[in-house]
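Geometric and topological summary
Each chain, letter by letter, is given below.
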Amino acid sequence: MERIKAESVSYSYQNKYQTVEAVKEVSCTFESGKLYAVTGESGSGKSTFLSLLAGLDCPDSGRILVDGQDISQIDRDAYRREKVSVIYQAFHLFPLLTAVENVMYPLEIRGMARREAKERAKEYLREAGLGEKLYDQYPRMMSGGEQQRTAIARAMASGGKIVLADEPTGNLDSENEEKIVELLMSLAHDRDFVVIMVTHNRQIADSADVRLVMKDGRMTVSEGQ
Ligand SMILES: Nc1ncnc2c1ncn2[C@@H]1O[C@H](COP(=O)(O)OP(=O)(O)OP(=O)(O)O)[C@@H](O)[C@H]1O
Ligand SMILES: [Mg+2]
């Protein structure tokens, strides 16, 4: 099912001295149940495109539709809170919340009672491969791979089933990298998420369902399956 559609999206950064056209007339669609890999040289616009999909910036022209709605026309705070989860290379967990509290957060803001949220959060953490003794740890006490699993468990707990991951394995060794990619893959294939992942790793890109390549702000679909 089609979830996200970018229609001729462009975005520039401007300062006093210059304008950088970071994203140029990008059109593509993203379906649930699929893992998309976005590759391309440094500076080609991958992170900028992801931040547009995340509703963190607005396109200068063109539009982004999520479930048929133009995200510039809807409450973007609610969109970010309820529909998309963003996973970064440097882990963005809430530092003052434990692993289980981090995962409870999206459940509680949707109104789930604390006790039930806690039980659910533990299930998600378990499914993300995190051992029970880590549930009450704070992020600073966890390894990079453990933090990233927690971030993925939190994404599982968010309602919208859209995950945008910007080099999620950039800080991990290859063993952890493989496991995190498997987890993201299972979100797409087993839970019907749409997962859009920026990666510099060729092998990982090749394992995705669809590969997108950015070059100088433009996007091409390199292959599908
Ligand atoms: N805040 C900003 N202000 C001005 N220019 C920016 C800003 N952020 C990014 N750019 C420029 O926009 C272009 C695209 O940057 P972007 O971060 O999207 O690239 P990227 O493909 O994610 O690169 P990388 O692989 O290095 O992460 C680059 O030319 C970059 O210099
Ligand atoms: Mg980037």
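We now turn to the structure provided with this report. (Residues numbered from 1 in each chain as written. Chains lettered and ligands numbered in written order. Predicted model: local features only at pLDDT ≥ 70, side-chain atom pairs only at ≥ 80, totals over all residues. Heavy atoms only, no water.)

**Describing the site of ligand 1**
Note the cut-off: The criterion for a residue being near a molecule or strand is simple. One of its heavy atoms has to lie within 4 Å of it. For this analysis, a polar contact is any N or O atom pair within 3.5 Å, provided that within protein one partner can donate a hydrogen and the other can accept it, and provided that sequence-adjacent residues contribute only side-chain to side-chain pairs. Where accessible areas are quoted, they stem from the Shrake-Rupley method and a 1.4 Å probe; at the residue level, only the protein chains shown are allowed to cover. Helix and strand definitions here come from DSSP, where helices need a minimum of 4 consecutive H or I residues and strands a minimum of 2 consecutive E residues; each element is numbered from the N-terminal end. Amino acids are sorted into nonpolar (Ala, Val, Leu, Ile, Met, Phe, Trp, Tyr, Cys and Pro), charged (Asp, Glu, Lys and Arg) and polar (every other residue, Gly among them).
Ser42, Gly43, Lys46, Ser47 and Thr48 are the nearest of the 13 residues found near ligand 1. Contact between ligand 1 and Ser42: an oxygen atom at 2.6 Å from a side-chain N or O atom of the residue. In this structure, an oxygen atom belonging to ligand 1 sits 2.5 Å away from a side-chain N or O atom of Thr48. Out of a free accessible area of 630 Å², ligand 1 has 60% covered by protein chains. Only β2 (19-31) and α1 (46-53) provide two or more residues apiece to the shell around ligand 1. Here the shell around ligand 1 takes three residues from α1, the largest share from any one element. Within the shell around ligand 1, the residues separate by chemical class into three nonpolar, seven polar and three charged.

**Some remarks on the packing of helix α5 (residues 144-157) against helix α6 (residues 174-191)**
We count it as follows: Note on geometry: axes are C-alpha line fits, over the in-contact stretch for helices, and angles between N-to-C directions span 0 to 180 degrees. Just so you know how the angles are binned, under 35 degrees is roughly parallel, over 145 roughly antiparallel, 65 to 115 roughly perpendicular, and the rest oblique. Residues count as neighbours in contact if any of their non-hydrogen atoms are within 4.5 Å of one another.
Where α5 meets α6, the closest approach of the two axes is 10 Å, and the angle between their N-to-C directions is 10 degrees. With respect to each other, α5 and α6 are oriented roughly parallel. Residue-level contacts link Gly145, Gln148, Arg149, Ile152 and Met156 of α5 to Asn176, Lys179, Ile180, Leu183, Leu184, Leu187 and Arg191 of α6. A class-by-class count of the residues in the contact of α5 with α6 yields six nonpolar, three polar and three charged.

**Quick look at the nonpolar core**
Stated formally: Residue types Ala, Val, Leu, Ile, Met, Phe, Trp, Tyr and Cys, when buried and joined through side-chain atoms within 4.5 Å, form a set referred to as a nonpolar core. Exposure classes here rest on a 1.4 Å probe applied to the protein chains alone. A residue is buried below 20% of its type maximum, exposed above 50%, and partly exposed in between.
The biggest cluster of nonpolar side chains holds 41 residues, and the ones touching the most others in it are Leu35, Leu125, Ile152, Val163, Leu184, Leu187 and Val195. Residue assignment for this core shows that the elements contributing at least two residues are β3 (35-40), α3 (99-109), α4 (114-127), α5, β7 (162-166), α6, β8 (194-198) and α7 (202-207). Here the element with the most residues in this core is α6; it accounts for seven residues. If we skip the residues at most four places from it in the chain, Val163 touches Ser85, Ile87, Ala155, Leu184, Leu187, Phe193, Val194, Val195 and Ile196. Residues Val26, Ile64, Val84 and Met219 belong to the second largest nonpolar core, which totals 29 residues.

**Digging into the packing of aromatic side chains**
Note on aromatic pairs: each is described by the distance of the centres and the angle between the planes. Short version of the rule: Between 30 and 60 degrees the pair is tilted, below 30 it is stacked and above 60 it is edge-to-face, where a pair is any two Phe, Tyr or Trp rings, Trp via its six-membered ring, whose centres lie within 6.5 Å. Charges are assigned to positions over rings by a cutoff of 6 Å between ring centre and Lys NZ or Arg CZ, combined with an angular limit of 35 degrees from the ring normal.
Applying the stated criterion to the full structure yields four aromatic pairs. Seen from their ring centres, Phe30 and Phe49 are 6.4 Å apart, and the 40 degrees between their planes marks the pair as tilted. Pair noted here: Phe30 is in strand β2 and Phe49 is in helix α1, with a separation of 19 residues, a long-range link. Take Phe49: its relative accessible area is 0%, and that puts it in the buried class. Taking the centre distance of 4.8 Å and the plane angle of 65 degrees together, the rings of Phe94 and Tyr105 count as edge-to-face. Here the residue Phe94 occupies a position in the loop between β6 (84-88) and α3, and Tyr105 occupies one in helix α3, the gap between them amounting to 11 residues. For the cation-ring pair, Arg154 lies above Phe94, with the distance from its terminal atom to the ring centre recorded as 4.9 Å.

**Digging into the state of the cysteines**
Defined as follows: A pair of sulfur atoms, both from cysteines and within 2.5 Å, is called a disulfide here.
Counted by the stated rule, this structure contains zero disulfides. For the unlinked cysteine Cys28, the closest cysteine sulfur is that of Cys58, found at 17 Å. Cys28 gets classed as buried once you look at its relative accessible area, which sits at 9%.

**What about the sheet that holds β2?**
Stated precisely, the cut-off is as follows: DSSP calls a pair of strands paired once it identifies at least 2 bridges connecting them.
The strand order across the open sheet formed by four strands is β2-β1-β4-β5, and the pairing between neighbours is antiparallel. Two strands in the sheet have a free side with no partner beyond their single neighbour: β2 and β5 (69-70). With five bridges connecting them, strand β1 (residues 2-14) and strand β4 (residues 61-66) associate as antiparallel partners. Looking across to β4, one finds that Ala6 is bridged to Ile64. On the sheet, α1 packs against β1, β2 and β4 and is oriented at approximately 60 degrees with respect to β2.

**Considerations on the packing of α4 against α5**
Defined as follows: Whether a crossing is left-handed or right-handed is set by the direction in which the near helix is turned from the far one by less than a right angle, anticlockwise for left-handed and clockwise for right-handed.
Across the interface, α4 lies against α5 with an axial gap of 8 Å and an inter-helix angle of 130 degrees. By the angle between their directions, the pair α4 and α5 is classed as oblique. Along this stretch, α4 crosses α5, giving a crossing that reads as right-handed. Every residue of α5 that contacts α4 at Tyr124, Leu125 and Glu127 is listed here: Thr150, Ala153, Met156 and Ala157. A per-class count over the contact of α4 with α5 returns five nonpolar, one polar and one charged.

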